[in-house]
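Reading the structure
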Amino acid sequence: MSDSKAPTPTPAGDTYKGWVFKWTNYIKGYQRRWFVLSNGLLSYYRTQAEMGHTCRGTINLATATITVDDACNFVISNGGAQTYHLKASCEVERQRWITALELAKAKAADMQQESDDSGDDFSPSSHPAIPGQGSASQNSEVQSALRTLGSKVEDLSTCNDLISKHGSALQRSLSELDSLRLSGEAGDKIRQVTERATLFRITSNAMINACRDFLALAQAHSKRWQKALQAEREQRVRLEETLETLAKQHNHLERAFRGAAQANATADNKSASGPGPGKGEASDEDDDNEFFDAMEEAPEFITVPADPHFHKRSSSSASGFNSEMCGDDQSLNEEPLAMSQEPSQELVPLKKRRNRIPDKPNYSLNLWSIMKNCIGKELSKIPMPVNFNEPISMLQRLSEDLEYYDLLDKGAKCHSSLEQMCYVAAFSVSSYSTTVHRTGKPFNPLLGETYELDRRRENGYRSLCEQVSHHPPAAAHHAISDRGWTLRQEITVASKFRGKYLSIMPLGTIHAIFEKGNNHYTWKKVTTTVHNIIVGKLWIDQSGEIDVVNHTTGDRCHLKFAPYSYFSRDVARKVTGVVMDKDGKAHYVLSGTWDEKMEFSRVMQSSRGGEYGAEGKQKTVYQTLKAREIWRRNPLPEGAETMYYFTSLALTLNELEDSVAPTDSRRRPDQRLMEDGRWDEANAEKQRLEEKQRSVRREREREAVNQRTASQSEEGEHSPHDNYKALWFDRCDDPINGEAVHIYKGGYWEAKERNSWEGCPDIF
């Protein structure tokens with residue numbers, strides 16, 4: 001601190017340099033250091049000469065805080081790892097540094113934000129890019145890259161100056177040695193070293209000149225590169241629009257052609273069969289026969305409208321339905337379904353459920369910053385942040401399948417198993433309606449975690465889920481209704497990362513059992529695909545086939561989920577299906593989309609003919625009555641886009657309730673912290689819970705090994721395994737398909753009534 005008249009800091013473009021006193025320790029106190037502020041980084045050196053080779057410390061201003069202590073002192077800290085206590089020679093000098101630091105911090109924060117968002121543009125307009133959009137940000141990125149290159153060239157130039165300086169000094173020393181009277185061998189060595197030093201200096205000068213030329217070339221060609229890139233984007237957009245227009249025109253022409261051909265065929269049939277009904281009757285008939293386009297809605301079969309008078313004249317021979325079936329079909333078409341009404345007291349909720357949760361924080365997520373920290377680590381030990389999650393667990397997500405429980409209620413009142421099959425098939429499709437906007441991953445349940453959904457007083461059902469296995473993760477679910485149905489399932493999720501997308505394949509069978517008629521239905525889930533995992537806006541698609549089987553009667557419904565295709569003429573997210581009896585005779589046709597609605601229509605007659613399918617077989621033509629709606633998705637609550645796109649039911653799933661088990665997902669602390677918007681604390685709590693689960697599992701494995709060793713059984717020769725047993729579910733062989741599954745053994749609701757949870761493990 002002896003030199004109180006330090007030179008004033010001098011700006012040089014985006015660089016700010018000057019002498020500042022820095023606190024070192026209690027013995028030496030403040031020591032004068034040379035500070036350089038450049039590109040959002042504050043570095044310091046003991047002397048200006050050290051700039052070319054030794055940096056004593058650097059702090060990133062993008063995440064730093066700047067505070068002022070008094071007239072001359074100020075502090076810069078990045079949260080604890082680095083803290084600089086600085087002192088200027090006077091108040092004016094301190095203010096100059098504070099101004100320069102604040103400006104540099106703002107620029108650094110803006111550049112970091114642009115860098116984080118450059119690979120994750122989730123705006124809806126990003127597919128495809130609009131001409132001219134983002135040109136300003138692209139130009140900013142290019143200029144930032146050029147500035148970085150310029151700073152590197154400056155560093156190289158500084159190194160070159162130092163090399164030239166030290167090289168000249170070295171050559172002078174060697175010349176002095178050469179002038180001395182040394183032996184011939186020593187003189188040759190000195191001349192050889194001198195030549196090499198000269199070559200080294202020439203090479204370094206050439207390298208610096210080449211870097212300068214590269215920077216100048218990049219600056220000269222940057223505008224041309226931007227124009228070429230913009231032209232390519234505009235051309236791509238024009239091509240996509242042209243393809244879309246051509247596809248629509250082709251679709252309209254094909255539909256018009258089929259309509260004309262059908263009209264001609266109808267006219268020929270009328271002329272051959274004699275006089276038909278009057279104009280008024282024909283008009284009414286056309287209204288009744290209005291139906292969806294065969295090619296658009298059913299690629300594997302064709303549906304055509306049937307004459308409504310046809311099945312009245314020949315119902316027994318043409319359709320094969322008896323009068324009892326016609327009565328059932330009438331009840332199926334009516335809204336609401338003809339069923340006994342529950343007492344009004346049972347329909348009134350006893351508790352007002354919440355309709356909002358805290359808004360999702362707008363935290364930026366840099367995927368690369370997470371992936372680079374996972375290099376070299378075991379996959380099971382990589383802590384994934386809650387940024388990828390939504391604040392509910394997989395158990396609660398399974399319980400969301402019951403959102404459209406009313407379909408099972410209506411199915412329980414049906415007199416015909418074929419009608420009941422339509423409702424069960426619609427229920428299997430409805431469970432996917434909540435996934436269309438839900439790109440967040442639910443929390444993986446801890447082993448032994450449970451979740452109850454008690455809606456018995458409001459809706460007549462209650463369900464229980466339990467995580468029964470951790471490797472592989474498996475969850476068991478059991479729901480029972482007072483209105484005559486039971487639903488159970490055990491789901492294990494397998495996933496495959498395929499570069500641009502992630503395939504999620506639920507493994508396991510879903511069972512629906514109805515008391516009336518003792519009908520037992522089973523089906524499996526289709527594959528869920530998450531697209532644009534690395535770059536772009538995330539979106540979800542469902543694809544595959546579902547066979548809903550009635551094991552009591554042999555009835556079957558085959559549903560097909562069509563995968564999304566940009567060039568397809570079909571509606572997006574389309575689902576089609578046919579309900580058949582045990583003899584393979586079609587009775588109903590289902591059609592719709594898994595994110596909006598499903599319709600059904602009764603089949604009056606079927607025949608082979610017309611177009612050929614992909615496998616070379618002729619498509620089946622179904623003559624059907626007018627389609628009627630069987631299921632429609634509930635609208636999302638107001639403000640759902642800020643609440644993870646949760647449905648009205650999902651908003652209530654994590655609501656705190658009294659007397660639930662201590663292992664219930666509502667009590668999970670990291671999930672609760674995330675819902676409250678405290679994501680940093682949630683990440684820390686999530687790591688704690690996962691490590692606790694690992695330690696408990698290791699202890700169980702040690703106990704299992706000790707038990708087998710003590711008994712000297714044959715199992716002791718095998719590798720250690722986890723001997724965990726679920727608390728509320730028993731593992732057994734399924735009597736329907738023979739699979740090893742967990743089935744609810746009872747006792748949970750009785751324990752809740754007694755408020756007796758002694759057997760529950762401490763997992764939180």
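Residues numbered from 1 in each chain as written. Predicted model: local features only at pLDDT ≥ 70, side-chain atom pairs only at ≥ 80, totals over all residues. Heavy atoms only, no water.

Moving on, we get to the overall build of the protein chain. Tallying secondary structure elements over the protein chain gives 18 helices and 28 strands in all. Going through the 764 residues of the protein chain one by one, you find that 41% of them count as buried. In the protein chain, once contacts between residues fewer than 6 apart in sequence are set aside, the share between residues at least 24 apart is 58%. On the protein chain, roughly 41,900 Å² of surface is accessible, and the fraction owed to carbon and sulfur atoms is 52%. (Helix = DSSP H or I, 4+ residues; strand = E, 2+ residues; numbered from the N terminus. Buried < 20%, exposed > 50% of the residue type's maximum accessible area, 1.4 Å probe, protein only. Contact = heavy atoms within 4.5 Å. Areas by Shrake-Rupley, 256 points an atom, 1.4 Å probe, with all protein chains shown as cover.)

A few words now on the pairing of strand β28 (residues 740-744). By the bridge criterion, five bridges tie strand β27 (residues 729-733) to β28 in an arrangement that is antiparallel. Looking across to β28, one finds that cysteine 732 is bridged to valine 741. Connecting β27 to the next strand, β28, in antiparallel fashion are six residues, including glycine 738 with a positive phi near 80°. (Pairing = 2+ DSSP bridges.)

What follows is about the pairing of strand β5 (residues 57-60). Every second residue of β5 is oriented toward a common face, the buried set being Gly57 and Ile59 and the non-buried set Thr58 and Asn60. As paired elements, strand β4 (residues 41-45) and β5 share four bridges and run antiparallel to each other. From the neighbouring strand, leucine 42 faces β5, where its bridge partner is isoleucine 59.

Ranked by size, the top nonpolar core spans 64 residues in total, and within it Trp485, Leu487, Trp523, Val548, Leu559 and Phe561 carry the most contacts. Here this core gets nine residues from one element, more than from any other, and that element is helix α13 (residues 417-430). Not counting chain neighbours up to four residues away, the residues in contact with leucine 487 comprise Leu402, Phe427, His477, His478, Ala479, Ile510, His511, Ala512 and Trp523. Judged by nonpolar contacts, the second largest core, of 19 residues, contains Val20, Leu37, Ile76 and Trp97. (Core = buried A, V, L, I, M, F, W, Y, C linked by side-chain atoms within 4.5 Å.)

Here we take up the packing of aromatic side chains. Summed over all chains, the structure comprises 21 aromatic pairs. Seen in terms of ring centroids, tyrosine 644 and phenylalanine 646 are 5.6 Å apart; in terms of plane orientation they differ by 35°. Their pairing is tilted. Taken together, the ring pairs in this structure connect Trp728, Tyr748, Trp749 and Trp757 into an aromatic cluster. Directly above the aromatic system of tyrosine 30 lies the positively charged group of lysine 87, at a separation of 5.7 Å from the ring centroid. (Phe/Tyr/Trp six-rings, centres within 6.5 Å; stacked < 30°, edge-to-face > 60°. Lys NZ or Arg CZ within 6 Å of the ring centre and 35° of its normal.)

One can find serine 431 in the loop between α13 and β11 (441-443). A distance of 3.1 Å separates the side chain of serine 431 from the backbone oxygen of serine 428, its partner in a polar contact. Not counting residues up to four positions away in its chain, the partners in contact with serine 431 are Asp401 and Lys525. (Polar contact = N/O pair within 3.5 Å; in protein donor to acceptor, adjacent residues only side chain to side chain.)

On to a nonpolar patch on the surface, then. Taken together, the side chains of Leu243, Leu246, Tyr564, Tyr566 and Phe567 make up a nonpolar region of the molecular surface, amounting to roughly 550 Å² of accessible area. By secondary structure assignment, the location of leucine 243 is in helix α3 (residues 184-273). (Patch = residues over 30% accessible without salt bridge, like charges linked within 9 Å, V, L, I, M, F, W, Y side chains within 5 Å. Salt bridge = Lys/Arg side-chain N within 4 Å of Asp/Glu carboxyl O.)

With numbering aligned to this structure, UniProt lists the feature "coiled-coil region" (unreviewed entry) at residues 222-256. Annotation note: span residues 222-256, helix share 100%, strand share 0%, distance between end C-alpha atoms 51 Å. (UniProt positions renumbered as here; feature names shortened; annotations may be inferred.)

Looking now at unusual backbone geometry. Of the consecutive residues histidine 471 and proline 472, the connecting peptide bond is found in the cis state with omega at 0°. With respect to the helices and strands, the residue proline 472 is situated in the loop between β13 (461-470) and β14 (473-481). Residues other than glycine seldom take positive phi values, yet tyrosine 645 does so here, at roughly 60°. Here tyrosine 645 shows up in the loop between β26 (628-632) and α15 (648-653). Assessed through its relative accessible area of 31%, tyrosine 645 is described here as partly exposed. Even without being glycine, serine 659 reaches a positive phi, approximately 65°.

All chains considered together, the criterion is met by 36 salt bridges. Taking the shortest distance from any N to any O, the salt bridge between arginine 353 and glutamate 458 comes out at 2.8 Å. Residue arginine 353 is found in the loop between α9 (344-347) and α10 (367-371), and its partner glutamate 458 is found in helix α14 (residues 456-459); the two are separated by 105 residues along the sequence. On the accessibility criterion, arginine 353 (21% relative accessible area) is partly exposed. Residue lysine 597 is joined to glutamate 599 by a salt bridge in which the shortest nitrogen-to-oxygen separation is 3.4 Å. Each of Arg353, Glu458, Glu657, Asp664 and Arg666 takes part in salt bridges that share partners, so that together they form one network.

Next up on the list: the confidence of the model for the protein chain. When pLDDT is averaged across the protein chain, the result is 78; 73% of the residues are at 70 or more. Taken together, the stretch residues 118-135 has pLDDT below 50 and engages in 30 contacts with residues farther than four places along the chain or on a different chain. (pLDDT = per-residue confidence, 0-100.)

Inspection of the secondary structure assignment puts serine 606 in strand β24 (residues 597-612). As a C-alpha pair, serine 606 and tyrosine 622 span 16 residues in sequence and 4.4 Å in three-dimensional space. Setting aside residues up to four positions removed in sequence, serine 606 forms contacts with Thr620, Val621 and Tyr622.

Quick look at the environment of phenylalanine 600 now. Structurally, phenylalanine 600 can be placed in strand β24. Judged by relative accessible area, which is 2%, phenylalanine 600 ranks as buried. Remark: the alpha-carbon pair of phenylalanine 600 and alanine 426, spanning 174 residues in sequence, is separated by 9.3 Å.

Glancing now at α13. Spanning 14 residues, α13 covers 20 Å between terminal C-alpha atoms, matching the ideal 20 Å at 1.5 Å per step. With 14 of 14 residues buried, α13 is to be regarded as a mostly interior element. For α13, the side-chain oxygen to backbone nitrogen distance between the N-cap and leucine 418 is 3.2 Å, and the N-cap itself is serine 416. (Expected span 1.5 Å × (residues − 1).)

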